[in-house]
Amino acid sequence: MLERFAQAMPEVTFLSGWSGERASRRVERPTVAGSVEAEVRRPGSREVRLGFGIYLPQGTDARRGQAIFAGMCDAACGEPGFSAVSRGAVQADRTTGCGVLACTVSLVEAVAGDDLLPGAGVELTLGGRQVQAGAVRETAGFEGKELVSVGEQVPFGWLGAGPRYTVELEGFLPEGLEGLVDFTVRLAGGPAREYRHCRWKTLQYAAKRAVFVACERVEA
């Protein structure tokens with residue numbers, strides 16, 4: 001990633017924040033230091049978040065840092081697995097006395113592993129089709145619109161009230177299932193469980209992850 005940035009902006013110094021080499025705190029031209037902030041492994045995918053600090057020499061306009069960030073965004077979009085980019089405000093760095101703009105770049109890649117070998121994971125029937133997921137996680141909640149009389153705070157009733165089940169599928173390939181609406185999901189293996197009146201919430205192809213919301217859950 002640092003090489004990609006350096007090729008796009010040769011007038012800026014790009015270096016690893018933890019290279020082990022001797023370095024000076026004196027910044028004579030715009031300098032970007034980067035390192036790995038976090039790495040998250042899920043069944044079938046790996047996500048890496050890279051953190052960067054854009055250091056601006058004293059007297060440099062903050063808009064210069066914003067322009068460097070924009071150039072990094074353009075370069076990062078061409079990186080395989082690019083997922084997201086974010087930034088903060090330009091602030092004063094106590095160590096160097098420079099202005100510094102913190103930003104992050106997230107990358108997601110598919111990873112083949114033992115957790116996705118045949119026979120592993122969870123078998124399920126989704127919209128009448130037999131599929132498999134590496135892991136299934138459920139979160140239960142309640143949704144509905146409060147009905148409150150004028151001048152009161154306590155609701156006297158609810159509109160469209162009922163339980164909502166949010167189910168996350170890890171290590172799951174959603175190709176060909178995007179168009180399903182009001183579908184049913186049935187889990188196999190162990191106690192059978194069925195989710196009804198489901199709809200997709202998110203589909204992430206690179207991360208092999210999908211989330212759906214169900215209005216009804218039935219235990220066999």
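Predicted model only: the values in this text are computed from it and were never measured.

A. Spatial organisation of the pattern of salt bridges. Scanning the entire structure with this criterion turns up twelve salt bridges. The closest approach of N and O atoms between Arg-49 and Glu-37, which form a salt bridge, is 3.3 Å. With Arg-49 in strand β3 (residues 45-56) and Glu-37 in strand β2 (residues 31-42), this pair connects stretches of sequence that are twelve residues apart. Glu-37 gets classed as partly exposed once you look at its relative accessible area, which sits at 46%. Measuring nitrogen to oxygen at the nearest pair gives 3.2 Å for the salt bridge that ties Asp-61 to Arg-63.

B. Highlighting the nonpolar core. One finds Val-32, Phe-52, Ile-54, Ile-68 and Met-72 to be the most contacted residues of the largest nonpolar core, which totals 20 residues. Of all the elements in the fold, those that place two or more residues in this core are β3, α2 (62-76) and β5 (99-110). Ranked by residue count, the leading element in this core is α2, at six residues. Counting 18 residues, the second-largest nonpolar core is a separate cluster that includes Val-131, Tyr-165, Val-167 and Leu-187.

C. Main features of the confidence of the model for the protein chain. With 86% of its residues at a pLDDT of 70 or more, the protein chain has an overall mean of 82. Counted against residues more than four places away or in other chains, residues 113-120, with its pLDDT under 50, gives 15 contacts.

D. Quick look at the environment of Gln-7. Within the secondary structure layout, Gln-7 lies in helix α1 (residues 2-8). Separated by 68 residues in sequence, Gln-7 and Ala-75 have C-alpha atoms that sit 9.1 Å apart.

E. Just the pairing of strand β11 (residues 193-204), in detail. Sheet topology note: the strand β10 (residues 183-187)/β11 ladder contains four bridges and is antiparallel. Across the sheet, Val-185 pairs through a bridge with Tyr-195, a residue of β11. Pairing of β11 with strand β12 (residues 209-219), which is carried by ten bridges, proceeds in the antiparallel orientation. Residue Arg-199 lies in a different strand from β12, and its bridge partner there is Val-213.

Parameters and conventions
- Residues numbered from 1 in each chain as written.
- Predicted model: local features only at pLDDT ≥ 70, side-chain atom pairs only at ≥ 80, totals over all residues.
- Heavy atoms only, no water.
- Salt bridge = Lys/Arg side-chain N within 4 Å of Asp/Glu carboxyl O.
- Helix = DSSP H or I, 4+ residues; strand = E, 2+ residues; numbered from the N terminus.
- Buried < 20%, exposed > 50% of the residue type's maximum accessible area, 1.4 Å probe, protein only.
- Core = buried A, V, L, I, M, F, W, Y, C linked by side-chain atoms within 4.5 Å.
- pLDDT = per-residue confidence, 0-100.
- Contact = heavy atoms within 4.5 Å.
- Pairing = 2+ DSSP bridges.

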